[in-house]
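Here is what each chain is made of, one letter per residue.
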Amino acid sequence: MRALLIVNPTATTTSERVRDVLVRALKSAVDLSVEYTTRRGHAADLAADAAQRSVGLVVTLGGDGTVNEVVNGLLRHGTDAEAPALAVVPGGSTNVFARALGMPADWADGAGAILEALHEERFRTVSLGRANGRYFTFCAGLGLDAAAIRRVERARVSGHMATPALYVRSALAQYVSGNDRHDPNLTMEIPGRKPVSRLALAIVQNTSPWTYLGGRPISPNPHASFDSGLDVLSMRALSIPATIRTATQLLTGSTRFSSPAVISEHDLEKFRLFAARPHAFQLDGDYVGECDEVEMDSVRDALRVVC
């Protein structure tokens, strides 16, 4: 099988040693070529080119942002064409997509699992989410969580490591200083239903968990699955009591939210989010800008993965 390894050399846990060991291991199983990303969007272009050249497998070594780019490149011409299968070696700080697939969090164990799956020809087809035409693998967010990610990315540019503590500090700082809780103006519109307005945030999941806090999985929508549609958790208000109650339930792994401020939806095929002003927007844990309207839909059986 012809395969392409796409490496993000700046990902958190990648190194020259990791790359060398992984390349040698993969070459024992496939006809491998290697490409290194040099800019934002480069991974998507490399993956799209691989799909055009009928490469059978694309392997990523990087974080969830690299995976997101590769998925969008593989499916640039739609899901009707036979796109290469995807294998993900954990190389970032969190690696939510790989871990949601049941892959080990460590890159070496992950590489071993991929080699074993290739030997056994073990593949799985998963659904994806899509937001304004761009695919996402595990989550999207409009509002507070995306604004917190924006803070994290700015801190990383300044030299800070992407640790769980940094994410927590960023979320708290955004909650205190942002205007989301004082002026909630998001609206969610599900086909065939009355729109729900004055929402402060919307967290969308294509699978569970939403993220990890260290080794602890966090999932606002614990029933989300690669085998179903999209799940959404939104809040009517971010008052201190409601926020503390909801955060506590998230951290303790509760599957039922008792706050009347919380709205939860399961297995949606499509819906729309819009707002009176632009809000921070994130896909798969990467801040992608601000927008005031997002069309969301679930794309069933969109991607073959090795796991």
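Now for a quick tour of the structure. From a predicted model like this one, the values you see are computed outputs, not experimental measurements.

### Things to note about the nonpolar core
Now for step 1: Counting residues in hydrophobic clusters, the biggest one holds 70 residues, and the most contacted among them are Leu5, Leu57, Leu86 and Phe97.
Now for step 2: At 6 residues, helix H5 (residues 107–119) tops the list of elements feeding residues into this core.
Now for step 3: The contacts of Leu86, once residues within four sequence positions are left out, are Leu57, Val58, Thr60, Val67, Val70, Val71, Leu74, Phe97, Leu303, Arg304, Val305 and Val306.
Now for step 4: Ranked by size, the runner-up nonpolar core spans 22 residues in total, among them Phe136, Leu199, Ala275 and Phe281.

### Some points on unusual backbone geometry
A negative phi angle is the norm for most residues apart from glycine, just as the trans form is the norm for most peptide bonds.
Now for step 1: With an omega of 10°, the peptide bond running from Ser208 to Pro209 counts as cis.
Now for step 2: Here Pro209 lies in the loop between strand S10 (201–205) and strand S11 (211–213).
Now for step 3: The phi torsion at Arg198 lies on the positive side, around 55°, for a residue other than glycine.
Now for step 4: Here Arg198 shows up in strand S9 (residues 196–199).

### Side note on H5
An α-helical segment advances 3.6 residues per turn. Residues three or four places apart therefore align on the same side.
Now for step 1: Between its first and last C-alpha atoms H5 spans 18 Å; for 13 residues at 1.5 Å apiece the expected length is 18 Å, and the two agree.
Now for step 2: When H5 is considered as a whole, its buried residues turn out to be Trp107, Gly110, Ala111, Ala113, Ile114, Ala117 and Leu118. Along the axis of H5, the buried positions cluster into a sector of 160°, meaning they face one direction only.
Now for step 3: Looking at the buried positions of H5, the neighbouring elements they touch are helix H1 (16–27), strand S3 (57–62), strand S4 (85–90), strand S5 (123–131) and strand S16 (286–306).
Now for step 4: With a side-chain oxygen lying 3.0 Å from the backbone nitrogen of Ala108, the N-terminal cap of H5 falls on Asp106.
Now for step 5: Of the residues flanking the end of H5, it is Glu121, one or two places downstream, whose phi is positive at about 55°.

### Thoughts on the pairing of S3
The two faces of a sheet get side chains in turn, since along a regular strand they alternate between them.
Now for step 1: Of all 6 residues making up S3, 6 are buried, and the element is well covered by its neighbours.
Now for step 2: With burial as the criterion, each face of S3 is covered, one bearing Leu57, Val59 and Leu61 and the other bearing Val58, Thr60 and Gly62.
Now for step 3: As defined by bridge partners, strand S1 (residues 2–7) adjoins S3 across 5 bridges and the pair is classed as parallel. Bridge pairing links Ala3 to Leu57 in S3.
Now for step 4: Pairing between S3 and S4: 6 bridges, direction parallel. Within the sheet, the bridge partner assigned to Val58 lies in S4 and is Leu86.

### Digging into a nonpolar patch on the surface
Now for step 1: A cluster of nonpolar residues, Val168, Leu172 and Leu213, forms a patch on the protein surface that exposes about 230 Å² of accessible area.
Now for step 2: Along the chain, Leu172 falls in helix H7 (residues 164–177).

### Observations concerning the environment of Val67
Now for step 1: The residue Val67 is located in helix H3 (residues 64–74) in this model.
Now for step 2: For Val67, a relative accessible area of 1% puts it in the buried group.
Now for step 3: Sequence separation between Val67 and Pro90 is 23 residues; the distance between their C-alpha atoms is 9.8 Å.
Now for step 4: With residues up to four places along the chain from it excluded, the contact list for Val67 reads Thr60, Leu86, Val88, Phe97 and Thr137.

### A closer look at the packing of H1 against H5
Relative orientation and spacing of two packed helices are given, respectively, by the angle between their axes and the distance between those axes.
Now for step 1: Packing of H1 against H5 leaves a shortest axis separation of 11 Å and a crossing angle of 10°. With respect to their mutual orientation, H1 and H5 come out roughly parallel. In this structure, H1 crosses over H5, and the sense of that crossing is right-handed. Only Trp107, Ala111 and Leu115 of H5 make contact with H1, whose side of the interface consists of Arg17, Val18, Val21, Leu22, Ala25 and Leu26.

### Observations regarding the packing of aromatic side chains
Given two aromatic rings, one states the distance between the centres and the angle between the planes to describe the pair.
Now for step 1: Scanning the entire structure with this criterion turns up 1 aromatic pair.
Now for step 2: A cation over a ring is seen here: Arg99 above Tyr212, with NZ or CZ 3.5 Å from the ring centre.
Now for step 3: A cation sits over an aromatic face here: Arg304 above Phe123, 4.8 Å from the ring centre.

### What to know about the environment of Ser219
Now for step 1: Along the polypeptide, Ser219 turns up in the loop between strand S12 (216–218) and strand S13 (230–235).
Now for step 2: Ser219 sits in the buried class, given a relative accessible area of 13%.
Now for step 3: Excluding anything up to four places from it in sequence, Ser219 contacts Gln205, Ser208, Pro209, Trp210 and Leu250.
Now for step 4: In this structure the side chain of Ser219 is engaged in a polar contact, spanning 2.7 Å, whose partner is the side chain of Ser208.

### Observations concerning the pairing of S9
Now for step 1: Sheet topology note: the strand S8 (residues 186–189)/S9 ladder contains 2 bridges and is antiparallel. Looking at the pairing, Leu186 lines up with Leu199 of S9.
Now for step 2: Between S8 and S9, which follow one another and run antiparallel, lie 6 residues, and Gly192 among them has a positive phi close to 85°.

Criteria and thresholds
Within any chain, residue numbers begin from 1 and follow the written order of that chain's sequence. Totals for whole chains, interfaces and linings use every residue, but because this is a predicted model, local features are given only for residues with pLDDT of at least 70 and side-chain atom pairs only at 80 or more, for both listing and counting. The basis for every side-chain value is the complete set of heavy atoms in the structure, and neither hydrogens nor water enter the calculation. The set of buried Ala, Val, Leu, Ile, Met, Phe, Trp, Tyr and Cys residues whose side-chain atoms join them within 4.5 Å is what this entry labels a nonpolar core. For the exposure calls, accessible area comes from a 1.4 Å probe over protein chains only, and a residue counts as buried if that area is under 20% of its type's maximum, exposed if over 50%, partly exposed in between. Only DSSP runs of H or I with at least four residues qualify as helices, and only runs of E with at least two residues qualify as strands; both kinds are numbered from the N terminus onward. When checking whether two residues touch, look at their non-hydrogen atoms; a contact exists if any pair is within 4.5 Å. Given a helix with a known number of residues, its expected span is that number minus one, times 1.5 Å. Note: the arc covers the axis-to-C-beta directions of the helix. Throughout this description, a polar contact denotes any pair of N or O atoms lying within 3.5 Å of each other; where both atoms belong to protein, one of them has to be capable of donating a hydrogen while the other can accept it, and for residues adjacent in sequence the pair is counted only when both atoms sit in side chains. Being paired, for any two strands, means DSSP has found at least two bridges between them. Residues enter patches when they are more than 30% accessible in relative terms and free of salt bridges; like-charged ones are connected within 9 Å and nonpolar ones (Val, Leu, Ile, Met, Phe, Trp, Tyr) within 5 Å. Residue-level accessible areas treat just the shown protein chains as cover; the underlying method is Shrake-Rupley with a 1.4 Å probe. Think of a salt bridge as a Lys or Arg side-chain nitrogen and an Asp or Glu carboxyl oxygen that are within 4 Å of each other. Structural elements are reduced to axes, namely lines fitted to C-alpha atoms, with helices fitted over the stretch in contact, and the angle between N-to-C directions of any two is expressed from 0 to 180 degrees. Working definition: roughly parallel below 35 degrees, roughly antiparallel above 145 degrees, roughly perpendicular at 65 to 115 degrees, and oblique for all remaining angles. Crossings are assigned a handedness: left-handed for a near helix turned anticlockwise from the far helix by less than a right angle, right-handed for a clockwise turn. When two rings of Phe, Tyr or Trp (its six-membered ring) have centres within 6.5 Å they constitute a pair, described as stacked for plane angles under 30 degrees, edge-to-face for angles over 60, and tilted for the intermediate range. Whether a charge sits over a ring comes down to the Lys NZ or Arg CZ being within 6 Å of the ring centre and within 35 degrees of the ring normal.

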